[in-house]
Amino acid sequence: MSNKKKRFFSLRLLMHFFALLTSIALLLSYVSVYIPPKTLWILPLFGLVYPVLLVLTLLFLVYFTLGRSKWFLLPLLVLLLGGKLHLRYINFGWGQTETVTENSLKVMSYNVRLFDFYLSSQANDYANKDSIMNFIKTENPDVLCLQEYFYTDGNTPFNTKKTLTKILGSKEYHERVRFQQNKKRNFGVSIFSKYPIISKGEVSFPASATNYCIYADIKVKQDTLRIYNTHLQSVKIKDEDVNFNLEDDEETNLLRLKTTVRKLKEAYPARTEQAVLILNHAAASPYPVVICGDFNDPPISHTYNLFNKVYTDAFRNAGKGLGRSYAGKLPAGRIDYIWHDTKLGSQHFKVQEQAFSDHYAISTQITLP
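Just so you know, these numbers come straight off a predicted model, no measurement behind them. (Residues numbered from 1 in each chain as written. Predicted model: local features only at pLDDT ≥ 70, side-chain atom pairs only at ≥ 80, totals over all residues. Heavy atoms only, no water.)

**Topic: the overall build of the protein chain**
What counts is decided by this rule: Per the convention used, a helix needs a DSSP run of H or I reaching at least four residues, while a strand needs a run of E reaching at least two, with both numbered from the N terminus. Any residue under 20% of the maximum accessible area for its type is buried, any over 50% is exposed, and the rest in between are partly exposed; the area is computed with a 1.4 Å probe on protein chains only. Contacts: residue pairs with any heavy atoms within 4.5 Å of one another. We get accessible surface area from the Shrake-Rupley algorithm with a probe of 1.4 Å; when it comes to residues, only the shown protein chains can shield them.
On a plain count of helices and strands, the protein chain comes out with nine helices and 12 strands. Scored against the burial criterion, the 369 residues of the protein chain give a buried share of 51%. Long-range contacts, defined as pairs at least 24 residues apart, comprise 71% of the intrachain contacts of the protein chain with a sequence gap of at least 6. Taken as a whole, the protein chain presents about 18,900 Å² of accessible surface, with 58% of it coming from carbon and sulfur.

**Looking at the packing of aromatic side chains**
Cut-off, in case you're wondering: Stacked, tilted and edge-to-face pairs are distinguished by plane angle, under 30 degrees for stacked and over 60 for edge-to-face with tilted covering the rest, among Phe, Tyr and Trp rings (Trp via its six-membered ring) whose centres lie within 6.5 Å.
Tallied over the entire structure, the rule returns 23 aromatic pairs. On the basis of an interplanar angle of 90 degrees and a centroid distance of 5.1 Å, the ring pair of Tyr126 and Phe158 is categorised as edge-to-face. You can see Tyr126 sitting in the loop between strand S1 (104-111) and helix H5 (127-139) and its partner Phe158 sitting in the loop between strand S2 (143-152) and helix H6 (160-168), a full 32 residues away along the chain. There is no split in this pair, since Tyr126 and Phe158 are both buried.

**A word on the sheet that holds strand S10 (residues 336-340)**
Here is the rule: For two strands to be treated as a pair, DSSP must find at least two bridges joining them.
Read across the sheet, six strands follow the order S5-S6-S7-S8-S10-S9 without closing on themselves; strand pairing throughout is mixed. On the outer flanks of this sheet lie strand S5 (197-202) and strand S9 (312-313), each paired with one strand and no other.

**Considerations on the pattern of salt bridges**
Oppositely charged side chains can form a pair if their charged atoms are brought close together. Defined as follows: Each reported salt bridge corresponds to a side-chain nitrogen of Lys or Arg within 4 Å of a carboxyl oxygen of Asp or Glu.
For the coordinates displayed, the defined rule picks out 10 salt bridges. Two residues, Asp130 and Lys129, come together in a salt bridge whose shortest N-O distance is 3.0 Å. A relative accessible area of 9% places Lys129 in the buried class. In this structure, the salt-bridge partner of Arg226 is Asp217, at a minimum N-O distance of 2.6 Å. Here the two residues Arg226 and Asp217 agree in accessibility, since each one is buried. What emerges from the salt-bridge pattern is a single network uniting Lys106, Glu139 and Lys350.

**As for H6**
Worth spelling out the cut-off: In this description, the arc belongs to the directions extending from the helix axis to the C-beta atoms.
All of the buried residues along H6 are Thr160, Lys161, Leu164, Thr165 and Leu168. One face of H6 carries all of its buried residues, which in axial projection span an arc of 135 degrees. H6 presents Lys162 and Lys166 as exposed residues on the side facing more than 90 degrees away from its buried surface. Contact partners of the buried residues in H6: H5, S2, strand S3 (172-180) and strand S4 (185-193). Following H6 by one or two positions, Gly169 has its phi on the positive side, about 65 degrees.

**Looking at the nonpolar core**
Applied cut-off: Working definition of a nonpolar core: buried Ala, Val, Leu, Ile, Met, Phe, Trp, Tyr and Cys residues. They are joined through side-chain atoms within 4.5 Å.
Core analysis: the largest hydrophobic core is formed by 26 residues, its most contacted members being Leu105, Val143 and Ile218. Among the elements that line this core, the one with the most residues is strand S6 (residues 213-220), at four residues. Discounting residues that sit within four places of it in the chain, Val143 has contacts with Leu105, Lys106, Val107, Met108, Ile191, Phe192, Ser193, Ile218 and Ile227.

**Regarding the sheet that holds strand S12 (residues 362-367)**
Where we set the bar: Only the stretch in contact is used when fitting a helix axis, every axis being a line fitted to C-alpha atoms; angles between N-to-C directions are given from 0 to 180 degrees.
One open sheet holds the six strands; their spatial order is S3-S4-S2-S1-S12-S11, and the pairing between them is mixed. Two strands bound the open sheet, and with one partner strand each, they are S3 and strand S11 (345-351). Neighbouring strand axes in the sheet, compared pairwise and without regard to direction, differ in orientation by 20 degrees on average. As judged from the nine bridges shared by S3 and S4, these two strands associate in the antiparallel manner. Within S4, the residue paired with Phe179 across the bridge is Asn186.

**Quick look at a nonpolar patch on the surface**
Here is the rule we go by: In this scheme, patches are assembled from residues that exceed 30% relative accessible area and form no salt bridge. Like charges are connected within 9 Å, while nonpolar side chains (Val, Leu, Ile, Met, Phe, Trp, Tyr) are connected within 5 Å.
Side chains of Leu11, Leu14, Phe17, Phe18, Leu21 and Tyr63 sit close together on the surface and give an oily, nonpolar patch of about 570 Å² of accessible area. With five residues, helix H1 (residues 3-32) is the largest single contributor of residues to the nonpolar patch. The partly exposed category is assigned to Tyr63, whose relative accessible area is 39%.

**Considering unusual backbone geometry**
In this structure, Asn140 is a non-glycine residue whose phi angle is positive, near 55 degrees. Take Asn140: it is sitting in the loop between H5 and S2. Since its relative accessible area comes to 37%, Asn140 is described here as partly exposed. Here His348, not a glycine, exhibits a phi torsion of approximately 50 degrees, which is positive. Here His348 is to be found in strand S11.

**Re the packing of helix H3 (residues 50-66) against helix H4 (residues 73-82)**
Definition in use: We call two directions roughly parallel when the angle between them is under 35 degrees, roughly antiparallel when it is over 145, roughly perpendicular when it lies between 65 and 115, and oblique otherwise. Crossing handedness: left-handed means the near helix sits turned counterclockwise from the far one by under a right angle, and right-handed means the same turn made clockwise. Each residue is assigned to one class: nonpolar for Ala, Val, Leu, Ile, Met, Phe, Trp, Tyr, Cys and Pro, charged for Asp, Glu, Lys and Arg, and polar for all the others, Gly among them.
Packing of H3 against H4 leaves a shortest axis separation of 8 Å and a crossing angle of 140 degrees. Relative to H4, the element H3 is oriented oblique. Crossing of H3 over H4 shows left-handed handedness. Residues Leu54, Thr57, Leu58, Phe60, Leu61 and Phe64 of H3 form the contact with H4, whose participating residues are Pro75, Leu76 and Leu79. In the contact of H3 with H4, the residues fall into eight nonpolar, one polar and no charged.

**Concerning the packing of H5 against H6**
In contact at an axis separation of 10 Å, H5 and H6 are set at 25 degrees when each is read in the N-to-C sense. It follows from the interaxial angle that H5 and H6 lie roughly parallel. H5 and H6 meet at a crossing whose hand is right-handed. For the pair H5 and H6, the contacting residues are Lys129, Met133, Ile136 and Lys137 in the first and Thr160, Thr163, Leu164, Ile167 and Leu168 in the second. Taken together, the residues of the contact of H5 with H6 break down into five nonpolar, two polar and two charged.

Set out below in structure tokens:
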């Protein structure tokens, strides 16, 4: 056999090997949707890299098809086995109405990253905080759910609670914050409403000191809705954890990889437990439910699947495109959601175009029954 034929044969074997490896990984990402993370901790990692695996599988399909190889059947079969799971990442917006139903209210969810309090300086004059406030004023939501909410007490530039009530023209709000006594600072989640809040409370996360879920029963004309706002378990991955550099020694990069995997391993089961607590609480609600928040999990995940069994994903119902909500350095994609009771409807799901935080704001018109 000539050297040219040997190289061709080796390349073909290599392509077959990687195609098989990618197909197995994509199948495991499907499986991760149905199996709790605590059962097999590594499965959610395949769900996390699903978009990459999907693109690679499509490339293998094209490669084998153009090469007239029977191996095209492998990626084709694996893609078909994914079925409707693929539609969790994209919405074409077919059949959506253009007009907003009169009997509706606009709900917005936004992780504001503490309004960039720790990144602010006199040089930028709190530019991102002001940009976020101007964006909220322009969008003018009826109900605003904020995660990584922050404000300082007193007459300060970061008394954002005072600013928000002024912008929305209403003092109806509910919050759950961790109070820093010595500096009069507050960290947590909040719900602001233009409509009366007749009752409010919290779904306690016993194992977490910094992640919360709150709810407010909001009277909208003749109807009452229960709005939940949650921030599920954070991964707490820092830029230095994923700042892999070929110029650094192998041991340093390996330590970064181990740190990232460890943080992911710890966060996935916690989010599942928190999701179950919310779902059990919402199941007992006397009113139709809307659940907003930063879930820190992509659509191909067990957490997403738990909510998807019961509620409607407003993006899949009324959005267009990919719906990417995370604007940070990690390729996390869509991790912020607005879920609603099947008795309710949703229209005009929007994702903020310009990032003032490491998340884009999401909003939708919730139509009442």
